[in-house]
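Chain residues, written in single-letter form:
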Amino acid sequence: MTGVQTCALPIFYNLCNNLEKLKVNLIVVQVKEKLGGLRFYVESISGPVKKALQLIDKAELESYNICDVCGVPGELREFSGRCKTLCTKHYTELVERYF
């Protein structure tokens, strides 16, 4: 999970546990941060594919509500052309750093 903050690990572990319970067979190719949220790339899915993809979508959406820095509730914010999910504290610190 190169480039992904450790705050995202609970989302990833929860997704993996849910997929395991579902008894779906897949290979996680890549997990990365993109446009302020997590992306899970998988291949070779067999088993309950539709449900597995729904779980992946849900996990990706959850990542837009967790601060990239500290893991508390946050929201997607745009700053200087970049998207990051940040809590109010870390967004304020980012803005103050640049202005």
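In this report, we go over the structure that sits alongside the text.

What counts, and at which threshold
In every chain, residue numbers begin from 1 and rise along the written sequence. Confidence filtering applies because this is a predicted model: local features only for residues at pLDDT of at least 70, side-chain atom pairs given and counted only at 80 or more, and all residues used for totals across whole chains, interfaces and linings. Note that the side-chain values use all heavy atoms of the structure and ignore hydrogens as well as water. The rule is simple: put a 1 Å grid over the protein atoms alone, call a set of points where a 1.4 Å probe fits but cannot get out a cavity, call an open set with protein on both sides within 12 Å along at least five of seven lines a pocket, and count a residue as lining if it has an atom within 4 Å of a point. Grid points are joined across faces, edges and corners, and a volume is the space filled by probe spheres set on the points. Under the scheme used here, helices are H or I runs from DSSP no shorter than 4 residues and strands are E runs no shorter than 2 residues, and both carry numbers assigned from the N terminus. In this classification, Asp, Glu, Lys and Arg are treated as charged, Ala, Val, Leu, Ile, Met, Phe, Trp, Tyr, Cys and Pro as nonpolar, and every other residue, Gly included, as polar. Whether a residue is buried, partly exposed or exposed follows from its accessible area with a 1.4 Å probe, protein chains only, as a fraction of its type maximum: under 20%, in between, or over 50%, in that order. The contact rule is simple, with two residues in contact once any of their heavy atoms fall within 4.5 Å.

Focus: empty space enclosed by the protein
Here the structure, examined in full by the defined rule, presents two cavities of 30 Å³ or more. As a volume, the second largest cavity reaches approximately 70 Å³. The wall of the second largest cavity is formed by I11, N14, L15, N18, L55, K58, A59 and E62. For the lining of the second largest cavity, the elements supplying multiple residues, two or more each, are α1 (9-22) and α2 (49-62). For the lining of the second largest cavity, a count of residues per class yields four nonpolar, two polar and two charged.

Description of the environment of L55
By secondary structure assignment, the location of L55 is in helix α2. For L55, a relative accessible area of 14% puts it in the buried group. Distance from L55 to C16, taken between C-alpha atoms, is 9.5 Å for residues 39 residues apart in sequence. Once residues lying within four places of it in the same chain are set aside, the contact partners of L55 are L15, N18, L19 and L22.

Purely geometric stuff here, so don't read any function into it on its own.
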